[in-house]
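Chain residues, written in single-letter form:
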Amino acid sequence: MTEHVEWSEPETAAAPASAAVTPADAADAARLVAFGLQPKLGPARDQEYADLLRRYREDPSFGRLADAVATGLGLVVLEVSPRAGMAVTAAEDSVFAVRMSDYARRTSADSGDRFLHGLAHLAVAALAFPRPEDLADDGYIGRVTVNGVDAFVRQACRRLEERAEEHGENTDPATDTPGLEAAWRIWARRSATGATKDARRLAGSTTGIVAKAVAFLTDSGFLLRTGDESGGTYRTTARYQLQVRDMAGSAAMAALLELGVVPVTDGKATLLPAEETDDLELLADAGLPFHS
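All figures in this text were calculated on a predicted structure; none of them were measured in a lab.

Inspection of the entire model under this criterion finds four aromatic pairs. With a centroid separation of 4.6 Å and 10° between ring planes, the pair formed by F35 and Y49 is classed as stacked. You can see F35 sitting in helix 1 (residues 23-36) and its partner Y49 sitting in helix 2 (residues 47-58), a full 14 residues away along the chain. The exposure classification of F35 matches that of Y49, with both residues buried. Ring centres of F222 and Y240 lie 5.7 Å apart, and the angle between their planes is 45°; this geometry places the pair in the tilted category. Residue F222 is found in the loop between helix 9 (206-219) and strand 4 (223-227), and its partner Y240 is found in helix 10 (residues 238-247); the two are separated by 18 residues along the sequence.

This paragraph deals with the sheet that holds strand 4. With antiparallel pairing, three strands are arranged side by side in an open sheet as 3-5-4. Each having just a single partner strand, strand 3 (143-145) and strand 4 make up the two edges of the open sheet. For this sheet, the mean inter-axis angle between neighbouring strands, taken without regard to orientation, is 35°. Of the strand pairs in this sheet, strand 4 and strand 5 (residues 233-236) are connected by four bridges, and their pairing is antiparallel. Bridge pairing links G227 to T233 in strand 5.

A few words on the environment of D25. Within the secondary structure layout, D25 lies in helix 1. Taking C-alpha positions, D25 is 8.2 Å from L65, a pair spaced 40 residues apart along the chain. Discounting chain neighbours no more than four positions away, the residues touching D25 are A20, R55, F62 and L65.

Calculation notes
- By convention here, each chain's residues receive numbers from 1 onward along its written sequence.
- Two thresholds apply to this predicted model, a pLDDT of at least 70 for residue-level local features and 80 or more for giving and counting side-chain atom pairs, whereas whole-chain, interface and lining totals are computed over all residues.
- With hydrogens and water excluded, all non-hydrogen atoms of the structure serve as input to the side-chain values.
- Paired rings are identified among Phe, Tyr and Trp, the last through its six-membered ring, by centres lying within 6.5 Å, and are further divided according to the angle between planes into stacked (under 30 degrees), edge-to-face (over 60) and tilted (the rest).
- Helix numbering and strand numbering both begin at the N terminus, where a helix is a DSSP run of H or I of at least 4 residues and a strand a DSSP run of E of at least 2.
- Relative accessibility decides the category of a residue: with a 1.4 Å probe and only protein chains considered, values under 20% of the type maximum give buried, values over 50% give exposed, and everything between is partly exposed.
- Two strands make a pair as long as DSSP finds a minimum of two bridges between them.
- Angles here are taken between N-to-C directions and fall from 0 to 180 degrees, while the axes themselves are lines fitted to C-alpha atoms, restricted in helices to the stretch in contact.
- We call two residues in contact when some of their heavy atoms are within 4.5 Å.

So this is what it looks like as structure tokens:
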């Protein structure tokens with residue numbers, strides 16, 4: 001005798017209820033990303049910004065939505081916090097990416113000066129955060145001055161010149177072949193200040209180039225101007241720390257730090273003996289926060 005067993009479909013567990021994304025949610029997420037693209041605006045100065053940040057941190061689904069909006073715009077979210085707001089940086093293929101060639105055009109620099117502008121940005125970053133622990137410490141504030149950055153690069157130039165002489169390399173290439181010159185040769189030959197007839201600093205001098213770099217970083221919300229001493233004094237922001245932290249692994253920045261040009265906390269620079277290292281050549285178009 002065969003017993004008939006009646007089968008029935010097993011009961012499926014009810015899926016966890018999740019609210020569908022609404023157009024209003026998408027608009028709020030995009031609004032938060034838009035706040036992140038205004039680097040000078042902090043959440044403490046805008047209640048809507050602060051509310052959206054809180055929602056991002058407390059509502060995972062909204063956070064994922066905002067991240068997706070940023071990704072779609074070619075942005076990388078570095079941090080979302082009360083101290084930095086929604087800190088984003090542009091990926092290389094993003095419409096928001098700033099390239100050294102574009103920056104040089106903005107500063108009216110000729111193509112031969114692009115590398116010098118990149119080197120200035122690289123030096124500001126290295127001077128502001130000279131040690132790994134400075135980048136790791138959220139409470140650390142770096143300080144730089146225009147004259148201090150120029151002195152920092154010139155000391156690195158002297159160190160590189162010593163290395164070249166030790167290895168018997170040509171330290172005085174033809175002046176009409178700048179493309180064959182190393183970075184330190186170009187910077188060392190350029191006047192530190194220069195002056196117009198009315199005593200204004202020349203834009204093409206090395207301090208003029210540094211001044212343009214820090215002005216750009218200030219406009220971008222990475223630095224804050226704190227005074228006029230030493231050509232202009234500046235302190236770093238949380239956004240700049242995140243930006244440099246994201247780019248700290250670049251070979252060019254590591255090479256500059258390995259030269260032993262160690263800054264002190266007042267924005268000046270001092271030269272300490274460096275250990276013997278190889279591969280100290282600075283890379284072209286490696287200035288922060290640009291893409292090559």
